[in-house]
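# Geometric and topological summary
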Amino acid sequence: MRYYILIILLIAPLFCFAQEPAIQTKQDTTANRSEKKESPFVTGFYPISFFDVDLKYIIKYNNYEGLRLGIGGVTNDKLSDRYKIGGYFAYGFKDRDIKFSLGNSLRLNKEKKTWINLYYIDDIAEIGSFSYLTDSRVYSVFEPRLVNVTQFYKHRTWQTNIQTEFSPKFLAEGRLSRSRIEQIENYHYLLDGSPISDYETAEATVSVRISPKTNFFTAEDGRIEYFDGFPKISAQITQGFSGITESDFDYTKFGLKLDYYIKRTNLTSTNFLLEGLLATGDVPLTHLFHVYPNNPTKDEILQRFSVAGRRSFETMYFGEFFSDKLASLQIRHSLRRFEIAEWFRPELVIVTRHAIGNMDNREDHIGIPFNTLEQGFNESGFEINKIAFGFGLSFAYRYGFYNLPDFEDNVSAKFTFYLKL
């Protein structure tokens, strides 16, 4: 039945085009057009006639799906400058399951770059992950941390959202969504004294992003920022409603993030990333928070050797900590690149990360053991990046209250991958 609904969803807007020509979108909310043409390895899109192929769906890997191959993208102005059709199709060879998304977008206002989007998504998501709607789409040839992720849940989601640009420095987005959640892990939430594993959620989300010093041009993949004049401030609020389309939970979630960057004339730089998250009400673990752990749960250091993330805690094990109140600070200080040879210019980056959190009603979460972060988590280390072909090395050490008895369990050694094409 849902496939017939998807067909109707795609066809219906053809009869109600907006009156103005089009530009704007991003990942699950479509794609922008501009006269300025960028390399597909910069934008993440490869145009084929009236369809822009989204390169980030072609190949992925994680511990649950194994190798994941797919195809996705969005129509461009050659088909219509007022209406977009987008989505993706993917298959995981380890779980032997198909995932897909399908939807469309309609432009409402050219001056404010206002789009309304409607999508259906049948896929998996990471337990405890949190993202801001207004964060720019970031394309990477290789998505580092996803390789190591172990804890997922299945969701079937209908969502409609509206994006607008009040000014070039002030983005806003609102979303209404309804999801059916199915567990992959052995997890139950104790709701009114009864454990449930599969449930429904209905959410309304409003997100804003202020980047007062950022200059940009609009390209096919959305917002491509050519001058990151920090600070960037993102704020988001989500309200969950029970009783709407059989949804089970009432909750509220808040997120606030400050991304501040200092670039010096001596070619050194420092980046501060400060974030606070809060959830109140009945919130299952799938919709709570972690601080992006990235350490595989294995005994030996070499067994844990993998790829370092961009904003992850490298010595924190997957599933080790969850919170409904969470604050984190990450500082990266980059030194001037070493001019050893014309072809060999490595970069040394000093990194320190800290997080503190807590959780009310921890006893309501059954089946997945975890800790909380009342005492504060600390790790520091360094990266040697751009050694060859974008590859480098990362080392970090875990210290403080959550330091583990065995020395090697506190150490992370991974490779990094930063490549600009």
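Now for a description of the structure that goes with this document. What you see is a predicted model, and the numbers here were worked out from it, not measured in a lab.

## Quick notes on the environment of Phe-377
Among the structural elements, Phe-377 can be located in strand β23 (residues 377–388). On the basis of relative accessibility, which here comes to 1%, the residue Phe-377 falls in the buried class. Sequence separation between Phe-377 and Ile-356 is 21 residues; the distance between their C-alpha atoms is 6.2 Å. Setting aside chain neighbours within four positions, we find Phe-377 in contact with Phe-313, Thr-315, Met-316, Phe-321, Arg-353, His-354, Ala-355, Arg-398 and Tyr-402.

## What to know about the pattern of salt bridges
The final tally for this structure, using the stated rule, is 22 salt bridges. The salt bridge involving Lys-325 is made with Asp-360; its shortest N-O contact spans 3.0 Å. Residue Lys-325 is found in strand β20 (residues 325–334), and its partner Asp-360 is found in the loop between β21 (347–358) and β22 (365–366); the two are separated by 35 residues along the sequence. Note on Lys-325: relative accessible area 29%, which makes it partly exposed. Several salt bridges share partner residues, and in doing so they unite Glu-65, Arg-68, Asp-95, Lys-99 and Asp-123 into one network.

## Focus on the packing of aromatic side chains
Within this structure, the stated rule accounts for 22 aromatic pairs. Each ring, one from Phe-166 and one from Phe-170, has its centre 5.4 Å from the other, and the planes form 35 degrees; the classification is tilted. Phe-166 sits in the partly exposed class, given a relative accessible area of 47%. Every member of this aromatic cluster is reached through a ring pair, and the members are Phe-313, Phe-321, Phe-377, Phe-401 and Tyr-402.

## Concerning the nonpolar core
Most often, soluble globular proteins keep nonpolar side chains buried together rather than apart. One finds Leu-285, Met-316, Leu-373 and Phe-377 to be the most contacted residues of the largest nonpolar core, which totals 31 residues. Dropping the residues within four chain positions of it, Met-316 is found in contact with Val-291, Pro-293, Asn-294, Asn-295, Phe-321, Leu-373, Phe-377, Glu-379 and Arg-398.

## Re the sheet that holds β22
Pairing between the strands of a sheet comes from backbone hydrogen bonds, and it takes one of two forms, parallel or antiparallel. Pairing is antiparallel in the open sheet, where three strands are placed in the order β11-β10-β22. Edge positions in the open sheet fall to β11 (194–196) and β22, since each of these has one partner strand only. Bridge count for strand β10 (residues 188–191) against β11 is three bridges, and the pairing is antiparallel. Counterpart to Leu-191 in the pairing with β11 is Ser-194.

So, how was this worked out
Residues numbered from 1 in each chain as written. Predicted model: local features only at pLDDT ≥ 70, side-chain atom pairs only at ≥ 80, totals over all residues. Heavy atoms only, no water. Helix = DSSP H or I, 4+ residues; strand = E, 2+ residues; numbered from the N terminus. Buried < 20%, exposed > 50% of the residue type's maximum accessible area, 1.4 Å probe, protein only. Contact = heavy atoms within 4.5 Å. Salt bridge = Lys/Arg side-chain N within 4 Å of Asp/Glu carboxyl O. Phe/Tyr/Trp six-rings, centres within 6.5 Å; stacked < 30°, edge-to-face > 60°. Core = buried A, V, L, I, M, F, W, Y, C linked by side-chain atoms within 4.5 Å. Pairing = 2+ DSSP bridges.

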